[in-house]
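Here is what each chain is made of, one letter per residue.
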Amino acid sequence: MRKLNIAVLFLTSSATLFYAQEVKKDTLQKEQNVEGVIIKASGNKISETAILGDQKKAIIQKQSMGAEEISRKGISNVEQGLVKVTGITTVEGRGLFVRGLEERYNTLLINGLGSPSNNPFQKIIALKQFPTDVVGKLNIYKTFNSNLYADFAGATFDIETLTIDKAFSKIEFGFGYNTQTTFKNFKINPNANTMNGYFGLNSRDRQLPNEVKGYVPTNYNFTQQESVNSFKDGWNADNIKALPNTSIGFTSAQKFKSGENGEMGLLLSLNQGSKYEYTEGEKNQFISLQTEGKMNNDLNRKEYTYELESSALLGLNYKNRGLNVALNTIFLQNSANTITDFLGYKDQKEQDAGRRFFRVDQMDLSKFLDVQLLASQKIGDRHLFKAGGSWVKNNFQQPDRKISEGFLTGRPNEVEMTFGGNNLIRQYLDVNGNNYLSGFAEYSVFLGEKGENKNYPWQLAVGYNGFFDHRSNSYRFIASNIDNVDLRTVVVDIDNPQQTYNNYIMNGAFHFKEETNENDYRSNLYQFVNAGYLNLNYKPNDTWDILVGGRVENNINITRYKEQGDSEFNNLSRNQYFILPSFSVKKSLNSKSNIRFAASKTITRPILIEYMPITYINPDNENIIGNKDLKNSENYNLDLKYEIFPSNKELFAVNLFAKKIDNAIERSYTASGNSNGVAITFFNAKNAVLAGAEIEGIMNLSRISESLSNWTLGANATLMYSKVERSAEELEQEQPANFTGTLKDRNLQGAAPWTANADLKYEFRNTNNLPHTLSFVYNVSGSKIFTVGTSGLDHIYERPFHQLDFIYNAQVTKNWNLKFGILNILNSTYKLELGDEGYMPLDVRTTTHTDYRRGTTFNFTAGYTF
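Residues numbered from 1 in each chain as written. Predicted model: local features only at pLDDT ≥ 70, side-chain atom pairs only at ≥ 80, totals over all residues. Heavy atoms only, no water.

Caption draft 1: Summary view of the overall build of the protein chain. Across its full length, the protein chain holds 10 helices and 46 strands. In the protein chain, the proportion of contacts linking residues at least 24 apart, taken out of those at least 6 apart, comes to 73%. Accessible surface for the protein chain amounts to roughly 37600 Å². Of this, 54% is attributable to carbon and sulfur atoms. (Helix = DSSP H or I, 4+ residues; strand = E, 2+ residues; numbered from the N terminus. Contact = heavy atoms within 4.5 Å. Areas by Shrake-Rupley, 256 points an atom, 1.4 Å probe, with all protein chains shown as cover.)

As structure tokens, then:
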């Protein structure tokens with residue numbers, strides 16, 4: 001049989017040849033029987049239609065978003081993209097919530113390889129740092145398969161970097177105006193208000209002084225000269241007008257021939273962005289006095305944040321027949337320079353109301369470098385081997401976090417300061433992850449004979465994946481120390497106090513002294529995860545698809561720490577084995593609808609700050625205490641889903657799900673080591689039970705009227721029930737003293753009872769056949785417990801926050817693309833609030849814990865492709 005490539009023939013021949021053929025000298029000798037025709041075409045695998053088709057065919061429940069949809073919605077970073085997916089919301093910089101579960105229940109992969117967080121306060125990288133210019137596809141796995149990491153309860157996100165289908169280069173620049181911040185008065189650290197600050201290099205001037213850097217703390221006393229000269233970053237603040245937000249990016253993808261059959265690809269992307277943000281609102285704290293609830297703090301907070309995002313990606317790819325090799329280097333950096341002013345009273349000292357003032361000058365710097373090597377090799381049409389490995393260096397710093405306290409004098413910008421005590425404190429937090437190693441290897445083989453559908457009925461895959469992570473943590477303090485009590489009080493211009501402090505130091509009023517405890521200032525965390533897995537996929541016919549998997553995972557955790565008074569490190573070690581089965585089945589009811597069922601067992605590991613042996617100090621006494629004894633959660637997951645695809649661009653689905661989480665991790669309040677306040681810590685609940693439903697639809701409005709054929713509506717909602725069975729530790733924390741009753745049932749901390757997302761799209765082509773798209777995107781989630789209450793007080797609840805964005809995306813010429821966005825149109829108030837169903841009366845001015853608005857942002861971006 002001779003096979004004819006009809007696609008090539010059509011492209012290289014005229015229509016006359018096919019439709020008006022003239023046959024000459026036709027003979028039996030030249031006559032051939034053509035028994036089959038193979039049509040080869042290159043489809044756009046990242047288009048919305050292709051991705052919806054892939055979702056339809058997949059055996060596991062996977063949702064994806066490709067480059068086409070990312071561009072249409074004007075999405076500039078990965079986080080913005082993921083919140084458009086069913087059941088996913090983001091809440092004010094605290095990561096992604098999936099099915100109402102907090103970020104600790106999620107896992108991030110980059111090209112299938114493990115990715116650690118570069119921030120101890122987050123489970124995964126802040127995905128707003130990851131630009132979408134280099135993203136080919138975002139995959140969201142909501143059901144578990146044994147080749148995924150076992151740390152899974154909400155979802156696993158897999159970022160696939162861009163594959164090069166065609167050569168292009170693109171430069172893009174943009175700016176944004178915020179109604180609340182831009183061109184308004186703004187406070188900024190002088191070192192951040194420089195070119196070094198723009199590139200995030202101002203941290204060099206905020207490192208530990210040479211006198212103590214690299215040494216074990218010894219309560220070092222800085223001399224007068226050292227107290228003045230050894231600290232390169234001072235206590236002043238610049239007053240400026242906030243500039244518009246900016247962004248600039250360059251991406252180039254190139255393809256080259258390599259030998260007769262080989263092909264090389266090169267991808268380079270560089271991005272830099274700046275953002276000014278001002279917020280103002282309440283920041284209060286509540287305390288139980290056993291007979292009533294009172295306000296411990298009553299504060300107004302003004303926060304000025306200057307944030308820089310930098311990223312770079314270099315990718316090399318080689319293809320030759322069945323071989324595919326890729327080398328990726330990804331660098332991400334986030335630098336947030338923040339000045340926060342508090343005014344009011346704290347520690348129940350109502351007599352200070354309206355006068356006590358304290359300022360925090362803080363820099364959060366995170367760096368993430370990921371080097372990946374991936375390879376796959378097909379052997380015939382039955383065998384596939386793939387492997388990959390990565391090395392990650394990720395570091396987080398809060399260098400020279402300065403805290404100063406005093407009282408307003410009543411004159412503009414004047415504060416009366418007192419040296420010593422809790423005034424003029426410098427904190428240095430370093431979390432270094434210099435070596436994170438991740439790897440996988442998998443061999444898969446097709447078994448049996450091809451059926452009528454040209455597919456093999458069996459596929460067997462065996463593999464390994466795992467990672468090693470080491471974090472070295474250091475937390476140090478330097479504070480003012482009184483030398484002359486007669487000079488301990490001074491009145492300063494709070495934005496320009498540095499020269500006054502220098503004068504007082506030289507006059508012998510005070511000096512700086514390291515006050516770090518030499519025993520407990522550092523710790524080391526080690527984590528080893530090694531897992532083997534097996535998957536068996538059976539397709540008896542076109543309608544059934546069955547996947548059975550098993551995973552055996554070994555999890556070794558070692559925490560090395562010292563407590564006050566210890567001379568040697570303590571070793572807290574855990575060596576656990578988990579046997580984790582998974583099962584998925586898909587039944588195609590017809591060519592347009594499926595029913596799916598999935599069951600699995602998984603685990604959840606805590607966020608670093610949740611188990612790091614540290615007490616993180618905040619000036620409002622709402623400290624964070626890591627719980628080194630925190631256990632991994634064990635999760636049992638069930639999913640049942642019905643989906644129908646009325647057309648290749650439409651979808652309707654209903655998904656029922658249930659989970660039982662043993663040792664569920666929850667954020668809770670506890671009595672502070674400082675008796676004046678409360679602290680945040682983390683406990684394991686005994687278990688939690690969740691059940692819910694997700695409803696999703698994508699519909700072209702031509703079904704209503706043909707005149708609406710350019711309109712598409714996408715909407716989804718999640719409804720969820722949750723109930724916690726408290727552990728003994730939680731019962732002790734939550735109930736008031738001498739309580740003999742039964743605590744009320746409550747939801748799982750962080751679990752939202754409902755979420756809703758919607759996306760209304762209008763798409764048309766202009767006279768030059770170039771696409772224009774307008775989209776309205778909306779999301780919101782219901783009230784959820786932010787922090788579990790303590791000593792009879794009700795919980796702190798996170799109230800619904802309504803987000804509505806408008807995006808206009810226009811291809812105005814073949815080369816020029818314009819995007820215009822209005823973000824946070826509703827400008828809703830973000831609010832945390834104390835509930836009123838505790839076990840004691842409240843004597844408080846307000847139940848608001850935190851509130852603020854971010855303003856509405858108008859973004860304009862222009863891109864030129866060549």
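Now that the structure has been shown, the text picks up again.
Caption draft 2: Focus on the side chain of Glu 730. Looking at the element boundaries, Glu 730 is found in helix 10 (residues 728-734). On the accessibility criterion, Glu 730 (2% relative accessible area) is buried. (Buried < 20%, exposed > 50% of the residue type's maximum accessible area, 1.4 Å probe, protein only.)

Caption draft 3: View of the packing of aromatic side chains. For the structure shown, the criterion picks out 35 aromatic pairs. Seen from their ring centres, Phe 175 and Phe 860 are 5.8 Å apart, and the 45° between their planes marks the pair as tilted. Pair noted here: Phe 175 is in strand 10 (residues 168-178) and Phe 860 is in strand 46 (residues 857-865), with a separation of 685 residues, a long-range link. A ring pair is formed by Tyr 177 and Phe 183, whose centres lie 6.2 Å apart and whose planes are at 40°; its orientation type is tilted. Residue Tyr 177 is classed as partly exposed on the basis of its relative accessible area of 32%. Ring-pair connections join several aromatic residues into one group, and the members of that group are Tyr 220, Phe 222, Phe 231, Trp 235, Phe 419, Tyr 501, Tyr 504, Phe 510 and Phe 512. One cation-aromatic arrangement involves Arg 667 over Phe 786; the distance from NZ or CZ to the ring centre is 4.7 Å. (Phe/Tyr/Trp six-rings, centres within 6.5 Å; stacked < 30°, edge-to-face > 60°. Lys NZ or Arg CZ within 6 Å of the ring centre and 35° of its normal.)

Caption draft 4: Just the nonpolar core, in detail. Membership of the largest hydrophobic core comes to 38 residues, with the highest contact counts inside it found for Leu 108, Phe 130, Phe 157 and Ile 159. Contributions of two or more residues to this core are made by strand 5 (96-98), strand 6 (106-110), strand 8 (135-141), strand 9 (155-161) and strand 17 (323-345). Considering every element that reaches this core, the biggest residue donor is strand 8, with 4 residues. In terms of nonpolar packing, the next biggest core, distinct from the first, is built from 35 residues, Leu 429, Leu 525, Ile 680 and Tyr 830 among them. (Core = buried A, V, L, I, M, F, W, Y, C linked by side-chain atoms within 4.5 Å.)

Caption draft 5: Just the pattern of salt bridges, in detail. In the structure shown here, the tally under the stated rule is 49 salt bridges. Where Glu 282 meets Arg 845, a salt bridge forms, and the shortest distance between an N and an O atom there is 2.7 Å. Taken together, the residues Glu 282 in strand 14 (residues 262-282) and Arg 845 in the loop between strand 44 (842-843) and strand 45 (848-852) connect sequence positions 563 residues apart. You can call Arg 845 exposed: its relative accessible area is 52%. Lys 723 is paired through a salt bridge with Asp 745; the nearest N and O atoms lie 3.5 Å apart. (Salt bridge = Lys/Arg side-chain N within 4 Å of Asp/Glu carboxyl O.)

Caption draft 6: Just the confidence of the model for the protein chain, in detail. Summing up the model confidence of the protein chain, the mean pLDDT is 88 and the portion of residues at 70 or higher is 90%. Residue range residues 1-44 is modelled with pLDDT below 50. Its contacts to residues more than four positions away, or to other chains, number 21 contacts. (pLDDT = per-residue confidence, 0-100.)

Caption draft 7: Spatial organisation of the sheet that holds strand 45. If you walk across this open sheet you meet the 4 strands as 39-40-43-45, and the pairing is antiparallel. Every other strand in the sheet has two partners, leaving strand 39 (784-787) and strand 45 as the edge strands with one partner each. Geometrically, the sheet is characterised by an average inter-axis angle of 30° between neighbouring strands, direction not taken into account. (Pairing = 2+ DSSP bridges. Axes fitted to C-alpha atoms, helices over the stretch in contact; angles between N-to-C directions.)

Caption draft 8: Representation of the environment of Asp 483 within the structure. Position of Asp 483 relative to the elements: it lies in the loop between strand 22 (458-482) and strand 23 (489-493). For the pair Asp 483 and His 511, spaced 28 residues apart in sequence, the C-alpha to C-alpha distance is 7.1 Å.

Caption draft 9: Representation of the pairing of strand 9 in the model. With 6 of 7 residues buried, strand 9 lies mostly within the body of the structure. In terms of strand pairing, strand 6 meets strand 9 through 5 bridges, oriented parallel. Bridge pairing in strand 9 links Leu 109 to Asp 158. Pairing between strand 8 and strand 9: 6 bridges, direction antiparallel. Paired with Tyr 141 across the two strands is Thr 156, which belongs to strand 9.

Caption draft 10: Molecular detail of the environment of Leu 818. Counting through the fold element by element, Leu 818 comes out in strand 42 (residues 816-823). Among the residues examined, Leu 818 registers a relative accessible area of 26% and is labelled partly exposed. Setting aside residues no more than four positions away along its own chain, Leu 818 makes contact with Tyr 808, Asn 809, Ala 810, Val 812, Phe 860, Thr 861 and Ala 862.

Caption draft 11: Spatial organisation of helix 8 (residues 498-506). Within helix 8 the residues assigned to the buried category are Gln 498, Tyr 501, Asn 502 and Ile 505. For helix 8, the buried positions fall inside an angular range of 100° around the axis, keeping them on one side. At its buried positions, helix 8 is contacted by helix 7 (224-229), strand 20 (414-418), strand 23 and strand 24 (510-514). Looking one or two residues beyond helix 8, the residue adopting positive phi is Gly 508, at roughly 85°. (Arc of directions from axis to C-beta.)

Caption draft 12: Molecular detail of the pairing of strand 26 (residues 544-561). With 16 bridges connecting them, strand 25 (residues 522-538) and strand 26 associate as antiparallel partners. Within strand 26, the residue paired with Leu 534 across the bridge is Gly 550. For strand 26 and strand 27 (residues 570-590), the ladder comprises 18 bridges, and the chain directions are antiparallel. Across the sheet, the residue bridging to Arg 551 is Leu 580, located in strand 27.

Caption draft 13: Seen up close, the side chain of Ser 593. Within the element layout of this structure, Ser 593 appears in strand 28 (residues 593-604). Owing to a relative accessible area of 2%, Ser 593 belongs among the buried residues under this scheme. Ignoring any residue separated from it by four or fewer positions in sequence, one finds Ser 593 in contact with Lys 587, Ser 588, Tyr 642, Glu 643 and Ile 644.

Caption draft 14: Geometry of the environment of His 802. Along the chain, the position of His 802 falls in the loop between strand 40 (796-798) and strand 41 (803-811). Those residues within four positions of His 802 in sequence are excluded, and the remaining contacts are Tyr 778, Asn 779, Val 780, Asn 824, Leu 826 and Ser 828. Side-chain polar atoms of His 802 contact the side chain of Tyr 778, separated by 2.6 Å. (Polar contact = N/O pair within 3.5 Å; in protein donor to acceptor, adjacent residues only side chain to side chain.)

Caption draft 15: Spotlight on unusual backbone geometry. If you check the backbone angles, Gln 290 has positive phi at about 75° while not being a glycine. Mapped onto the secondary structure, Gln 290 falls in the loop between strand 15 (285-288) and strand 16 (293-320). What makes Gln 290 partly exposed here is its relative accessible area of 39%. Phi angles above zero are rare outside glycine, and Asn 769 is one such case at about 65°. With respect to the helices and strands, Asn 769 occurs in the loop between strand 37 (754-765) and strand 38 (771-781).

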